[in-house]
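Reading the structure
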Amino acid sequence: MKKTLLTLSVLFALAACGDTPAEQAAAPVAEASQPAQTNIAVMDTDWPTYMQHANTALKAANTGISIPNTAAPSDNGDGTQKLYQQLVDGLTLSVITNDAGKLNEVRIIWQPENNPKQTKQLSAAAAALLAATNPDDRSLFDDTTYQMEQAIQSHNSQSGGADSGLQKFTRFDIDYKIAATNQPSVLLTANAK
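Read on for an overview of the structure. (Residues numbered from 1 in each chain as written. Predicted model: local features only at pLDDT ≥ 70, side-chain atom pairs only at ≥ 80, totals over all residues. Heavy atoms only, no water.)

**Observations regarding the packing of helix α4 (residues 116-131) against helix α5 (residues 140-157)**
Look at α4 against α5: their axes get within 9 Å of each other, and the N-to-C directions meet at 130 degrees. When the interaxial angle is binned, α4 and α5 end up oblique. For the crossing formed where α4 meets α5, the hand is right-handed. Across from Ser123, Ala124, Ala126, Ala127, Ala128, Leu130 and Ala131 in α4, the residues of α5 making contact are Leu140, Phe141, Thr144, Thr145 and Met148. A class-by-class count of the residues in the contact of α4 with α5 yields nine nonpolar, three polar and no charged. (Axes fitted to C-alpha atoms, helices over the stretch in contact; angles between N-to-C directions. Helix = DSSP H or I, 4+ residues; strand = E, 2+ residues; numbered from the N terminus. Parallel < 35°, antiparallel > 145°, perpendicular 65-115°, else oblique. Left-handed = near helix turned anticlockwise from the far one by under 90°. Contact = heavy atoms within 4.5 Å. Nonpolar A, V, L, I, M, F, W, Y, C, P; charged D, E, K, R; others polar.)

**Examining the pairing of strand β2 (residues 80-88)**
Across two bridges, the pairing between strand β1 (residues 74-75) and β2 is antiparallel. Along β2, the bridge assignment pairs serine 74 with lysine 82. Connecting β1 to the next strand, β2, in antiparallel fashion are four residues, including glycine 77 with a positive phi near 85 degrees. Sheet topology places β2 next to strand β3 (residues 91-98); eight bridges connect them, and they run antiparallel. Each bridged residue has a counterpart across the sheet, and for threonine 80 the counterpart in β3 is asparagine 98. Taken together, β2 and the strand that follows it, β3, pair antiparallel across an intervening segment of two residues, in which glycine 90 is found at a positive phi of about 100 degrees. (Pairing = 2+ DSSP bridges.)

**Things to note about the side chain of aspartate 143**
Inspection of the secondary structure puts aspartate 143 in helix α5. The exposure class of aspartate 143 is buried, given its relative accessible area of 17%. In contact with aspartate 143, not counting residues within four places along its chain, are Phe169 and Arg171. (Buried < 20%, exposed > 50% of the residue type's maximum accessible area, 1.4 Å probe, protein only.)

**Description of the sheet that holds β1**
In space, the seven strands of this open sheet follow the order β1-β2-β3-β4-β7-β6-β5, with antiparallel pairing throughout. Two strands close off the open sheet at either side, each with one partner strand: β1 and β5 (166-171). Bridge analysis of strand β4 (residues 103-110) against strand β7 (residues 185-192) gives six bridges, and the strand direction is antiparallel. Along β7, the bridge assignment pairs isoleucine 109 with leucine 187.

**Details of the packing of helix α3 (residues 47-60) against α4**
One way to put it is that α3 packs onto α4 with a least axis distance of 8 Å and a crossing angle of 145 degrees. Crossing hand, α3 versus α4: right-handed. The residues of α4 that touch α3, namely those facing Tyr50, Ala54, Ala57 and Leu58, are Ala125, Ala128 and Leu129. Grouping the amino acids of the contact of α3 with α4 by side-chain chemistry returns seven nonpolar, no polar and no charged.

**Digging into the environment of threonine 170**
In this fold, threonine 170 is placed in strand β5. Separated by 20 residues in the primary sequence, threonine 170 and alanine 190 place their C-alpha atoms 9.1 Å from one another. Apart from residues lying up to four places away in sequence, threonine 170 is in contact with Asp175 and Lys193. Polar side-chain contacts of threonine 170 include one of 2.7 Å to the side chain of aspartate 175. (Polar contact = N/O pair within 3.5 Å; in protein donor to acceptor, adjacent residues only side chain to side chain.)

**Concerning the pattern of salt bridges**
Across all of its chains, the model carries three salt bridges by this definition. Arginine 107 is the salt-bridge partner of glutamate 105, the closest N and O atoms lying 3.3 Å from each other. Arginine 107 gets classed as partly exposed once you look at its relative accessible area, which sits at 30%. By sharing partners, the salt bridges in this structure join Asp137, Asp143 and Arg171 into a single network. (Salt bridge = Lys/Arg side-chain N within 4 Å of Asp/Glu carboxyl O.)

**Some thoughts on unusual backbone geometry**
A negative phi angle is the norm for most residues apart from glycine, just as the trans form is the norm for most peptide bonds. Residue glutamine 183 is joined to proline 184 through a cis peptide bond whose omega torsion reads -5 degrees. Structurally, the position occupied by proline 184 is in the loop between β6 (174-181) and β7. With phi around 55 degrees, asparagine 62 is a residue other than glycine that occupies positive phi space. Relative to the assigned elements, asparagine 62 resides in the loop between α3 and β1. Although it is not a glycine, aspartate 173 sits at a positive phi angle of roughly 65 degrees. You can see aspartate 173 is positioned in the loop between β5 and β6.

Structural data, given as structure tokens:
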């Protein structure tokens, strides 16, 4: 009798809390089966507009490099679209957009070459691709070039401690990061806030 009373007391206590043990066990399964969230932070530009601005900036910087017209983000299966495009040997562009094509992230990887002319070309192209995320900011290309130089110098001298080779700055709701690595490569990112 005492055992039955105790069991009923526990059941009433659980019912008073709102969830029965069966509901509690089922809750995580229901959450896991929901579709992926598509509400990601985005920039105030879409892929076609970015590509147009990027190609204009690449041409203005005399890089001889362009994003091909066939390049387009494809469905990533989680409510986002992704593009991974090697533009030339040593320069890769990666873009993530929301399902409407608005940019969430732009990532550029350039790998310095031993040929100084190639290094200058890839550096200018990387700065142009990053600056195209905000084409109305006339100083972003020059600032990106400067920030890359600072990141490389810091990385080479290890003068920045744990953050050697890392430069961060924010402009118009976009977080920028430039990181020099041991690969050797330089990674430039622009993320919507």
